[in-house]
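The chain contents come next:
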Amino acid sequence: MSAHEQYRDDLALYAVGALSSEESARLELHLAECSTCREELNSLSEAAAQIALAVEPTVPSAHFRAELMARLEEQRSVAVAPRDGRLPVAGRQYQRRRAWFWAPALATLAFALAFVAVWRQNRTLTGENRDLAARLATSRQTLDRAGELIRALTAPDAQHVSLVAAGAKVQPEAKVVYSSRQHSLVLLADHLNPLPAHKIYELWLLPANGSPALPAGTFKPDDRGSAALVLSQLGDGVAAKGFAVTVENEPGSAVPTMPIVLSGTT
Amino acid sequence: MTQQLSNDASIVARLLDGDKEGFVRLYDEYAGLIYGVALRVLRNAAAAEDVVQEVFLQLWRNPTSFDPKRGRLAPWLAVITRHRAVDSLRKLKFEVDSSETPLSDPQASHASVHCSAESDRAKRLMAQLPAEQRQVLELAFLDGLTHVEIAARVSQPLGTVKSRIRLGLLSLRKGLSA
């Protein structure tokens, strides 16, 4: 039996989504370090796509088509600027490379755009209804608070203090807050080991649907071992079952390289 | 124009430019495939329409989520639609009995769609599989069941189910390369 044969059945089950979440997570750990199995999975996944392609096509109603096209106009008017600065989870390499560097600026930009959208909408309506003026104020306060939070998290002088049991040895740690619906992610890490030259930490999103791990941003610790990563226009709303951090060559990798230095499940 | 759009890379380029006409043509070319898959998985017209909307708006907002270098658009759309539909199925916890629930949407039609060549080949490959292999593949991929759930559904040992899934996929792969 070859070294990969023990994964033979699991790869086929994974390709059709028939493994449990726990089984998928175990296989993903192996996939992260085994290019042979990744190639096998890619080809099995292509075969699995035939199952869906074989389904009888059904054209949606004309009414649905019209509604979608109308929705498109709304998306376009609101989303033009974020589209240009979007940081897809699994996007082009150059976009991911810039994620860490531009994260605070993009977060600020996103909030500014959101504020402008809310403000414009409310400006039209305030003349018609006083209640909307109150909503504008509330929205403004919410955005201000969010902006303050982002600035505090990413400030150069922000102090990150981890509280542990007295006497316990301090270990590298990170906390991720992720909202697939809001397309936003915040990572705060502390006590990270210094990186060798030309290396960088990379965060991986482990999709809940069992798809391969997706790159979710890169970061470097400061001289105190702390790092923060804030992404406000992240990917396509992929549901996550966990996150992992690996050390990669700069500027980052498309697939994780073992070992995993930090990991956690939702 | 249809010929031009059949080039997946040009579709992405047009969407990146915010070309609405390109999007409309993309919709007309692939809506049948996407809605068909979503409807098959969810067996509910409204829920399937939600999935269709999500898939198209994702592509509109983020065209680079599809990379033409890594494969063709039709299989990619079929797979992401399947993933979203199965996620939705699990969230909504639909209690579905596949033998009793109708698949039809009275307002939809089975009118011709442009990606029929890939669809026809896939149908042919699936039809060539032994019925027991086709059944477990569909229960996994289209009904979102795990291998344990499939074993219970078809009253077969786990090993048999695993073997059928693997053999079925290998046959599909062989057919693709033929």
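Heads up: these notes are all about the structure in this document. (Residues numbered from 1 in each chain as written. Chains lettered and ligands numbered in written order. Predicted model: local features only at pLDDT ≥ 70, side-chain atom pairs only at ≥ 80, totals over all residues. Heavy atoms only, no water.)

Quick notes on the overall build of chain B
Applicable threshold: Put simply, DSSP marks the helices as runs of H or I at least four residues long and the strands as runs of E at least two long, and each gets a number from the N terminus on. Residue exposure (1.4 Å probe, protein chains only): buried if accessible area is under 20% of the type maximum, exposed if over 50%, otherwise partly exposed. In this analysis, two residues are considered to be in contact whenever any of their non-hydrogen atoms come within 4.5 Å of each other.
Across its full length, chain B carries 9 helices and 0 strands. For chain B, the sequential pattern of α-helices and β-strands runs α-α-α-α-α-α-α-α-α. Every one of the 178 residues in chain B was classed for burial, and the buried ones make up 51%. For chain B, long-range pairs separated by at least 24 residues make up 63% of all intrachain contacts whose partners lie at least 6 apart in sequence.

Some words on the packing of helix H8 (residues 147-154) of chain B against helix H9 (residues 158-177) of chain B
Residues and elements named next belong to chain B. Counted only if it meets this: For helices, the axis comes from a line fit to the C-alpha atoms of the stretch in contact; other axes are also lines fit to C-alpha atoms, and the angle between any two N-to-C directions lies between 0 and 180 degrees. For classification purposes, an angle smaller than 35 degrees is called roughly parallel, one larger than 145 roughly antiparallel, one from 65 to 115 roughly perpendicular, and anything else oblique. For this classification, Asp, Glu, Lys and Arg are treated as charged, while Ala, Val, Leu, Ile, Met, Phe, Trp, Tyr, Cys and Pro are nonpolar and the rest, including Gly, are polar.
Where H8 contacts H9, the two axes come as close as 9 Å, and the packing angle between them is 110°. Accordingly, the angle class assigned to the pair H8 and H9 is roughly perpendicular. The residues of H9 that touch H8, namely those facing His147, Val148, Ile150, Ala151 and Val154, are Leu158, Val161, Lys162 and Ile165. Looking at the contact of H8 with H9 residue by residue, the class counts come to 7 nonpolar, 1 polar and 1 charged.

Some words on the packing of aromatic side chains
The test is simple: Think of it this way: a Phe, Tyr or Trp ring, Trp meaning its six-membered ring, pairs with another when their centres are within 6.5 Å, and the plane angle makes it stacked under 30 degrees, edge-to-face over 60, tilted otherwise.
Per the stated rule, a full pass over the model turns up 6 aromatic pairs over all chains. With a centroid separation of 5.6 Å and an interplanar angle of 20°, the aromatic rings of Tyr201(A) and Phe219(A) are classed as stacked. In this pair, Tyr201(A) sits in strand S3 (residues 199-207) while Phe219(A) sits in strand S4 (residues 214-219), placing the two residues 18 residues apart along the sequence. The exposure classification of Tyr201(A) matches that of Phe219(A), with both residues buried. Judged by centre distance (5.2 Å) and plane angle (55°), the rings of Phe66(B) and Trp76(B) are tilted. Residue Phe66(B) is found in the loop between helix H4 (45-61) and helix H5 (73-92), and its partner Trp76(B) is found in helix H5; the two are separated by 10 residues along the sequence. Taking the relative accessible area as the measure of exposure, Phe66(B) reaches 3% and is therefore buried. Counting every residue linked through ring pairs, the aromatic cluster contains Phe23(B), Tyr27(B), Phe56(B) and Trp60(B).

Some remarks on the sheet that holds strand S1 (residues 173-179) of chain A
Residues and elements named next belong to chain A. What counts is decided by this rule: Paired strands, in this sense, are two strands between which DSSP finds at least two bridges.
Across the sheet, which stays open at both edges, the 3 strands sit in the order S1-S2-S5 with antiparallel pairing between neighbours. The sheet is open, and its two borders are formed by S1 and strand S5 (227-231), each paired with just one other strand. Strand after strand, the sheet turns through a mean of 5° between neighbouring axes, direction not considered. With 7 bridges joining them, S1 and strand S2 (residues 184-190) adopt antiparallel strand pairing. Residue Glu173 lies in a different strand from S2, and its bridge partner there is Asp190.

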